[in-house]
Each structure stands twice: as C-alpha cells, then as structure tokens.
Amino acid sequence: MNTNLYREAQRYLVGGVNSPVRSFKMVNLPPLFAKKAKGKYLYDYEGNKYTDYCLSWGAIILGHNHPIPKKELHKALQKGTSFGFCHLYETRLARLIQQAFPSMEKMRFVNSGTEAVMSAIRVARGFTKRKFIVKFDGCYHGHSDSLLVKSGSGLSEIKESSSEGVPTEVISQTLSLPFNNTEKLTEIFKKHGKEIACVILEPIPANMGVILPHETFLFTIEKLCKEYETLLIFDEVITGFRVALGGAQELFGIQPDLTILGKIIGGGLPIGCFGGKEEIMKHLAPEGNVYQAGTLSGNPLSMRAGFSVLHFLLRYPSIYTSMRELLKDFQKEWQRKKLPYTLSVFSTMFSVFYTSKEVDNFHDAQQQDIQAFQKIYKKLLENGILFPPSCFEGCFLSMKHKAKDLEKIIEIFCDNVKNIL
Ligand SMILES: *Cc1c(COP(=O)(O)O)cnc(C)c1O
C-alpha cells in the first residue's frame, strides 16, 4: 500500500478518492492504487500482484484489459471520441442487449447506473402519475437523492435520509422495506398500493453482500405489481450479463416493466442503460414528456467496448457454465472444511458473511463480525487476494479465474480463522 501516492492524492481529491467505496476505511488501510490490470490480476505500485475478485465492482467479466474490447477501442479511437450525434454502435449495442433482455423493447443509454435508475423512476412516475416508490433496505441503486434512505433503522417504512444534503421532503415518497419479507410488502401494498409508482429492487442483491432472493418473495412482488398496476423495476446493473446473459429475469422467468443495466454492458467504460415496455418508454422525451438527456450518452467508446464484450458473451455462453461450476466446487469445499462463516454463492458471484447465521436481508448482514472481516481481509491481501474492501460488497469471477485461485482463498481462511475466532 503506497502511503505517498495516497498523501499526494489527498491534496487534491476529497479523501484521496473519487468514490467512497475505494477508501479502504472499513479495513483501516490506505486505498489501493492500481498501476495496471491484466486478466484476473491487478497490480499496484509496490510491485504487488493481486488476484482480483472486485473486478471493477463486477463490471469486468472477460478479465481485465481483454484483447476483444481493447481491439475495438483502438478501432473506435481512429474515428473520434465523441460525436454528439447518433451513430451506428448505439443501435448495435441496443440490439445485442435486446437479444438477451427481450423485456427491453425500447431503451436509452446514459453514463452511469445512477443516472439510469434516476431516469427510470422518473418514467415510472410519469407513466403511472403516482408518486411513491418502494425499495428494499440494503439494495443499492446509485446515489440519486430519492434513493438515499437509511436502511435498517427506524420502524416506519419512511426512513431518514442516509446522506446529509438530502432533505426529508425529498425522500418522503420513498418507502424502504426489508428484503425477502413478503408480509411487510403485502401490508404496504394494502395501505398504499394505488399510490405506488414502482417497486425497484436488485432481484439478486449484491450490494449488501450477495443475498439469495426467496422465489416466493420475487413472485409476490410480481403479483402485487400486476394487481395494483405498479411498475416493476429490476435493477440488473450487476446481475445483467453476470448471473446469466439475460440476468435474473431470465433465471426467474419474470418480465419486469423496466430494467436497469450498467457495469458489464460498458465493457469497462462508463455506461448505464434503462429500458422496458414500449408503452412505458414512449413517455420519454422526445416521444413523450418525461425529460431526460445527456451530452455524452451513447458515447462511441462505451458503445463499442460494450458491443464487443456482449458480442463475445452471446457467442460463448458456456463461459457462464464454467464460472458457475468453479463456484459450486468452491462452495462444496467451503462446507467440507466447516468454515464458520456463511458463504453465499449465486451463479458467478459470491460473498463471505462474517457470521455463522444465514443472511437473508440487510439486517442479517449487519450482524457480521467486522473485526474478523478486517483481520481476514489483511491476510487475503498479504497473500495476493483482492476482495472488495467492505464486507457489504459482493465478489465476482471473471472467465480468467481458475479452480486453484479459489482453493487458495479456502487455504487462507483455514489457516487463519482459528486464530481469529
Ligand atoms: C453499481 C450499481 C449502481 C450504480 O451504478 P453507477 O454506474 O455506479 O452509478 C446501481 N445499481 C446497482 C445494483 C449497482 O450495483
């Protein structure tokens, strides 16, 4: 960890970082400065090489600096970096996305997941002419005002804001409920159903650690939304092209009204996308009166990097099978070793919860032993394993990870948990 680079960064950048998750505050370490990354490895300025399970927060699935997006970006650079006008690759990327996400009849590209969520909610409110939105504690949907509600605190479903600078009035139309809790949800719908514009969720939450959704919970959401004509929004910024080509909606056979994508679809460049039923999306400007715009939206570099990666994924879907198999074996081995922490696995993502109990929602995730996490985190780093520096974030595989990489994680846990417990 290079404290000099950090000190220099702090002179100009707030906290030395451009996103608080990079601060390593939770593990009491200075932030990591990446020098370069290739395949499953990320290198720092001290000459350390880490096997990366953060993968730009799930955005990298082919492995870092893969020749496919790299070649495409080289070509794109010959033509210009931003046009401010329409170009072919917007259509091409959209076509590929629709192949995997048929529920996205019409879509729009933006520059981040945050932006996509914010605009999708505006469309949902414009379409339904209703004001309430329902979200779930611990699900992350970016940092727009109306979604920054404090999770897991307070008994009422209307919560305090989790950030200063967001007046209570701004979040007074946001209801936040515990994930996987069908009763609470049904209750809210009985009370407010006809005023709820949309329910937004990460169908497989990965921002409070990876949480497995109860099928009955997802199907109840779907049913209630239909019954009350509330729009169902799946935030698949992580799960899209990650848990399967068609995301959680493909796996659960649920057709949300609107879908949010980001991360993987940009091939490592900034992107966000929202889309869904045509009758809803047509309310967006210029066809309708819900305003939304973006100077760099549909940027040719993001479009082409994303296009090349999705093209590869659609052509070689077997990479998902291989990654899933690796994690299945990892899970078996974890159980065989009787490690005292809960390992949660879904498809190509996983997380360790530093508790022996099952973790079903944000409240459960908060019961983790943070000190144990901090100690193990350092051991992992010392052994060249890079997890996200928070026990509320998911870990991801790329197609470059191998069985022996995962075996090494088990080894480190086995060697250290006894000392730590
Ligand atoms: C990362 C993420 C976002 C926000 O995307 P940004 O590009 O960081 O703004 C939204 N929703 C989910 C589920 C995410 O994981």
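- An unreviewed UniProt entry annotates the protein chain as Glutamate-1-semialdehyde 2,1-aminomutase originating from Thermospira aquatica.
- As its UniProt record puts it under Cofactor (unreviewed entry), the protein chain is described as follows: "pyridoxal 5'-phosphate".
- As its UniProt record puts it under Pathway (unreviewed entry), the protein chain is described as follows: "Porphyrin-containing compound metabolism; protoporphyrin-IX biosynthesis; 5-aminolevulinate from L-glutamyl-tRNA(Glu): step 2/2."

**Some words on the sheet that holds strand β14 (residues 395–396)**
- Taken in spatial order, the three strands of this open sheet run β11-β12-β14, and their pairing is antiparallel. Either end of the sheet is taken by a strand with one partner, and the two such strands are β11 (342–346) and β14.
- Helix α11 (residues 318–336) contacts β11 and β12 (349–353) of the sheet and is inclined by roughly 165° relative to β11.

**Points about the pairing of strand β8 (residues 231–235)**
- Taking burial as the measure, the five residues of β8 include five buried ones, the bulk of the element.
- Side chains Leu231, Ile233 and Asp235 project from β8 onto one buried face, and the interleaved Leu232 and Phe234 project onto a second face that is buried too.
- Both strand β7 (residues 196–201) and β8 contribute to a ladder of four bridges, which runs parallel. Bridge pairing in β8 links cysteine 198 to leucine 231.
- Handedness of the β-α-β unit built from β7, helix α7 (residues 215–228) and β8 comes out right-handed.
- The pairing of β8 with strand β9 (residues 258–262) spans three bridges and is classified as parallel. By the bridge assignment for β9, phenylalanine 234 is matched with threonine 259.
- You can see the chain leave β8, run along helix α8 (residues 247–252) and come back into β9, and the turn it takes is right-handed.

**Here we look at the pairing of β9**
- Among the five residues that make up β9, five are buried, leaving the element largely enclosed by the rest of the structure.
- The alternating pattern of β9 places Leu258, Ile260 and Gly262 and Thr259 and Leu261 on opposite faces, both of which are buried.
- Inspection of the sheet shows β9 paired to strand β10 (residues 272–276) by five bridges, in the antiparallel sense. Considered in β10, the bridge of glycine 262 is made with glycine 272.

**Section: the UniProt feature "modified residue: N6-(pyridoxal phosphate)lysine" (unreviewed entry) in the protein chain**
- What UniProt calls "modified residue: N6-(pyridoxal phosphate)lysine" (unreviewed entry) maps, in this numbering, to Lys263.
- Residue placement: lysine 263 occurs in the loop between β9 and β10.
- What lysine 263 contacts, discounting residues up to four positions off in sequence, is Trp57, Ala59, Val237, Ile238 and Ile271.

**Here we look at the domain arrangement of the protein chain**
- Domain parsing of the protein chain yields domain 1 (3–65 + 364–420) and domain 2 (67–315).
- For domain 1 versus domain 2, the separation of C-alpha centres amounts to 26 Å.
- Each side of the interface is counted separately: domain 1 has 15 residues, and domain 2 has 17 residues.
- Carbon and sulfur atoms supply 62% of the area that domain 1 and domain 2 bury against each other, a total of about 1,400 Å² over both sides.
- Looking only at domain 1, the three residues that lose the most surface to domain 2 are Ile61, Leu62 and Asn65, adding up to 36% of its buried area.

**Observations regarding the site of the ligand**
- Close to the ligand lie Ser112, Gly113, Thr114, Tyr140, His141, Gly142, Glu202, Asn207, Asp235, Val237, Ile238 and Lys263, which account for all nearby residues.
- At 2.8 Å, a backbone N or O of glycine 113 approaches an oxygen atom of the ligand.
- Lysine 263 has a polar side-chain atom sitting 2.6 Å from an oxygen atom of the ligand.
- Calculation on the ligand without its partners gives an accessible area of 380 Å², and the protein chains cover 84% of this total.
- Of the residues in the shell around the ligand, the class split is three nonpolar, six polar and three charged.

About the criteria used
Residues numbered from 1 in each chain as written. Predicted model: local features only at pLDDT ≥ 70, side-chain atom pairs only at ≥ 80, totals over all residues. Heavy atoms only, no water. UniProt positions renumbered as here; feature names shortened; annotations may be inferred. Pairing = 2+ DSSP bridges. Helix = DSSP H or I, 4+ residues; strand = E, 2+ residues; numbered from the N terminus. Contact = heavy atoms within 4.5 Å. Axes fitted to C-alpha atoms, helices over the stretch in contact; angles between N-to-C directions. Buried < 20%, exposed > 50% of the residue type's maximum accessible area, 1.4 Å probe, protein only. Right-handed = clockwise from strand over helix to strand, strands pointing away. Domains from an automatic or database assignment. Buried area = accessible area lost by both parts, 1.4 Å probe. Near = heavy atom within 4 Å. Polar contact = N/O pair within 3.5 Å; in protein donor to acceptor, adjacent residues only side chain to side chain. Areas by Shrake-Rupley, 256 points an atom, 1.4 Å probe, with all protein chains shown as cover. Nonpolar A, V, L, I, M, F, W, Y, C, P; charged D, E, K, R; others polar.

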